[in-house]
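Notes for the structure review
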Amino acid sequence: MAASAPASGSAHRRHPSGPRRRRRGLIAWCAAVAAGVLVGTGACSDLPHNSGSAAPKNSSGGHTYYVSASGDDANSGTSSKNAWKTLARADQAKYKAGDWLLLRGGDRFTGTLSLGPGEAGNPTLPTVVASYGKGGRATIAAAGTDGISVYNTAGVVIRDLVLVGDPAAYASQTGISFFTDLPGAVKLEHAVVQHVDVSSFKTAVSAGSTTTSGFRDVQVTNSVLHGNHEAGLVTYGMPYDDAAPAYSNEQVVVTGVEVYDSAGDPTARDRHTGDGIVLGSVRGGVIRSSSAHDNGTHASADSLFGPEGIWTYDSTGMLIEHNTSYRNHTGSNVDGGGFGMDVNVSASTMQYNLSFQNDGPGFLVYTSRGNTAQTGDIVRFNISSNDARKLPWDAGIEAHGTAVHDLQIYQNTVVMTSEGAQPAPALRLRKGLAGTSIRNNILITDGTAPAVVSDVGYGPDAVAMQGNNYFTGTSSTGLVSWGGNTLDALDAWRSADKQELLNGRATGLAVDPCLAGGPAPVVSGPNDAGVMVPICPAVDGKGVDLKALGVAPSVLVDYYGKPLAVPPVIGVSNPAVKK
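These numbers come from a predicted model, not from an experiment.

This paragraph deals with the overall build of the protein. From N to C terminus, the protein includes 5 helices and 42 strands. A burial count over the protein gives 61% of its 579 residues as buried. In the protein, 78% of the contacts between residues at least 6 apart in sequence involve partners at least 24 apart. Looking at the protein as shown, the accessible area adds up to about 19500 Å², and 53% of this sits on carbon and sulfur atoms.

Glancing now at the pattern of salt bridges. Tallied over the entire structure, the rule returns 14 salt bridges. For Arg216, the salt bridge goes to Glu250, with nearest N and O atoms at 2.9 Å. Separated by 34 residues along the polypeptide, Arg216 in strand E12 (residues 214-226) and Glu250 in strand E14 (residues 249-260) bring together distant segments of the chain. The residue Arg288 makes a salt bridge to Glu321 at a minimum N-O spacing of 2.6 Å. With Arg288 in strand E16 (residues 282-288) and Glu321 in strand E19 (residues 315-321), this residue pair connects regions lying 33 residues apart in the sequence. Under the relative-accessibility criterion, Glu321 is labelled buried at 8%. Put simply, Glu230, Asp265, Asp270 and Arg271 are held in one network by salt bridges that share partners.

Attention now goes to the environment of Ser248. Inspection of the secondary structure assignment puts Ser248 in the loop between strand E13 (231-236) and E14. Among the residues examined, Ser248 registers a relative accessible area of 2% and is labelled buried. For Ser248 and Thr210, which are 38 residues apart along the polypeptide, the C-alpha to C-alpha distance reads 8.7 Å. If near-sequence neighbours (up to four positions away) are discounted, Ser248 is found in contact with Lys187, Ser209, Thr211, Ser213, Gly214, Phe215, Tyr236, Gly237, Met238 and Ser281. A polar contact of 3.3 Å, which involves the side chain of Ser248, links it to the backbone nitrogen of Met238.

The subject of this paragraph is unusual backbone geometry. Phi is mostly negative for residues that are not glycine, and the peptide bonds are mostly trans. Looking along the chain, the bond that leaves Val566 and enters Pro567 is cis, with omega of -5°. Take Pro567: it is sitting in the segment after helix H5 (546-549). A positive phi angle, close to 70°, is found at Ala120, a residue other than glycine. Summarising the element assignment, Ala120 is placed in the loop between strand E4 (113-115) and strand E5 (127-132). One non-glycine residue, Phe381, lies in positive phi territory at about 55°. Inspection of the secondary structure assignment puts Phe381 in the loop between strand E26 (378-380) and strand E27 (383-385). By relative accessible area, which is 0% here, Phe381 ends up buried.

Here we take up the packing of aromatic side chains. Scanning the model with the defined rule gives 14 aromatic pairs in all. Clustering of aromatic rings is evident, with ring pairs tying together Tyr65, Trp84 and Tyr95.

Caution is warranted with low-pLDDT regions, since their predicted coordinates should not be read in detail. In the predicted model, the protein carries a mean pLDDT of 89, and the fraction of residues at 70 or more is 90%. This model gives residues 1-52 a pLDDT under 50, and the stretch forms 115 contacts once residues within four places in sequence are excluded.

In this structure, Phe178, Tyr470 and Trp482 are the most contacted members of the largest nonpolar core, which totals 87 residues. Tallying contributions element by element places strand E10 (residues 187-199) first for this core, with 5 residues. Core analysis: the next-biggest nonpolar cluster, separate from the first, contains 28 residues, Tyr326, Ile378, Ile442 and Val523 among them.

Structurally, Arg389 is set in the loop between E27 and strand E28 (397-401). It turns out Arg389 is buried and unbridged, and the closest side chain with the opposite charge, Glu419, is 6.7 Å from it. Arg389 has contacts with Gln357, Asn358, Asp359, Thr417, Ser418, Glu419, Gly420 and Ala421, leaving out every residue within four places of it along the chain.

With that settled, consider the pairing of strand E7 (residues 148-151). Burial of E7 is two-sided: the residues Ile148 and Val150 facing one way and the residues Ser149 and Tyr151 facing the other way are all buried. Both E4 and E7 contribute to a ladder of 3 bridges, which runs parallel. In the strand pairing of E7, Leu115 is matched with Val150. Note that E7 and strand E9 (residues 174-180) share 4 bridges and pair parallel. Within E9, the residue paired with Tyr151 across the bridge is Phe179.

What follows covers the environment of Val404. By secondary structure assignment, the location of Val404 is in strand E29 (residues 404-405). Look at Val404 and you get buried, because its relative accessible area is 2%. Here the alpha-carbon distance between Val404 and Lys431, two residues 27 residues apart in the chain, equals 9.0 Å. Sequence-distant contacts of Val404, defined by excluding residues within four places in its chain, comprise Val365, Thr367, Gln374, Gly432, Leu433 and Ala434.

Further remarks concern helix H4 (residues 490-497). Where H4 is concerned, the buried positions are Leu490, Trp493, Arg494 and Asp497. Taken down its axis, H4 places every buried residue within 105° of arc, on the same side. Exposed residues pointing more than 90 degrees away from the buried face of H4 are listed as Asp491, Ser495 and Ala496. Once H4 finishes, Lys498 follows within two positions and takes phi at roughly 60°, a positive value.

Attention shifts here to the pairing of E10. For E10, the tally of buried residues reaches 10 of 13 residues, placing the bulk of the element in the interior. By the bridge criterion, 10 bridges tie E10 to E12 in an arrangement that is parallel. For Ala191, the partnering residue across the bridge sits in E12 and is Val218.

So, about the environment of Asp181. Tracing the sequence through the fold places Asp181 in the loop between E9 and E10. The exposure class assigned to Asp181 is partly exposed, which follows from its relative accessible area of 21%. For the pair Asp181 and Gly208, spaced 27 residues apart in the sequence, the C-alpha separation amounts to 8.8 Å.

Relative to the elements of secondary structure, Asn353 occurs in the loop between strand E23 (349-351) and strand E24 (354-356). Dropping the residues within four chain positions of it, Asn353 is found in contact with Ile320, Glu321, His322, Asn323, Phe339, Phe363, Phe381, Asn382, Ile383 and Tyr559.

What counts and how
- Residues numbered from 1 in each chain as written.
- Predicted model: local features only at pLDDT ≥ 70, side-chain atom pairs only at ≥ 80, totals over all residues.
- Heavy atoms only, no water.
- Helix = DSSP H or I, 4+ residues; strand = E, 2+ residues; numbered from the N terminus.
- Buried < 20%, exposed > 50% of the residue type's maximum accessible area, 1.4 Å probe, protein only.
- Contact = heavy atoms within 4.5 Å.
- Areas by Shrake-Rupley, 256 points an atom, 1.4 Å probe, with all protein chains shown as cover.
- Salt bridge = Lys/Arg side-chain N within 4 Å of Asp/Glu carboxyl O.
- Polar contact = N/O pair within 3.5 Å; in protein donor to acceptor, adjacent residues only side chain to side chain.
- Phe/Tyr/Trp six-rings, centres within 6.5 Å; stacked < 30°, edge-to-face > 60°.
- pLDDT = per-residue confidence, 0-100.
- Core = buried A, V, L, I, M, F, W, Y, C linked by side-chain atoms within 4.5 Å.
- Lys, Arg positive; Asp, Glu negative; His and termini not counted.
- Pairing = 2+ DSSP bridges.
- Arc of directions from axis to C-beta.

So, in structure tokens, the structure goes:
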């Protein structure tokens, strides 16, 4: 049903030509010097080093070099008054720890920049590429190349820039690329991207490897990635090895990133395209306070793999929190969802996220692998509103696969209506679940579909449903469809399948939870989560005690950061009780 990752990011792998291209450019520049077209500054006598007189030391202890549209490539580049003119000239220099390359804000520079082996810095003395002056951000306009390419090195900070591709870059290049093919298991440290705007490339920002090496301390923050062809932000690595799991990238942090209008490739039948944020092959990653919306509009109709807004694969220890994902699409009949933990994801959590009006599921947990890697994941305190708009066989929350182990789904609020779409349930389960618990969730439809649909009639040892509230109004479609049997009341379900029982005591409700937006409220914008807050005590204190069951931390807070009482409310939020 859901697509696995395409060969662990193989769609994004390619060997950058940055270092080779830079040296070729320098040789051509030196040939011009020899021909008398340019004034020589010393660079041609020793290709690996910067030219001209030494730049003054900056606050990091390195040197600062300047590029300005009003500069001259014959200048030393060591001050704003003696700036170089072109990226080609700046690309000839060899940068060391603490060096800064500054482009004048408001200027537009055609070409590319590259940092290769032996260049760049370290976490305490990074090499910085940024803008300067009062003109805002400088623009790098790539012509059939990457915007900035970092190859087999790190200790790099790229910030305060605009990067724009042309049609050739849109088809095949990356705005900012960190890539390594070093042998062994080397982790290149400190790859940082801050406050950039990247558009019109195949992929806006990527970091990854085709070997067991990779990157550690990757940070992408406060940036806008839009109008790219296949994806906004991607990490990737070697294919997952069941016998010896390893992860190419470590400590990846994404915060304050907005990705929209990653269109997708209608001709790409062999992979997913049109993604927002995709973290693959990561040990210890965070996606926080970010958004993905309106992606995948031109994804292939024939692909077996679809895009998603924000998701991870082949990773462990991931935290996806306080994000928004909406109006993402798929060209085919798979995926197109808001959030996903999709294939070989372990010990990871999706929490405090908002998903609405996506083509596919709001929150997906899935694996196609028959191993034990998809284990120990948590989906909690999330809101899904009117997801599965195109694919009614999906749901607001969906879990299944070849082997999904020890999954916990609790304290979520899901509302599904048939408005503008075929009816879909709030929760859908299929085969492959073991040790799963689903507790204290509000699961609502407008009566055109059951609140829960499970293809398998799971017993509580495999899937334990406890403390949830199911509401379908005056539905004639049933409250729950469980293993092919439609049940209209919780008592019947308890008798038939032993669900909604805890130590022999009945749990769960089938009442109107009295949400602020009405019986089946619809989220229509990123700031509309308030419609999902109860305004009467119908579900307050009616949940099961998760702490006593050992499935939750000692302190739980709701969607808005307020501590939950014991026993807790059902759903994402404490009630705002009417006086």
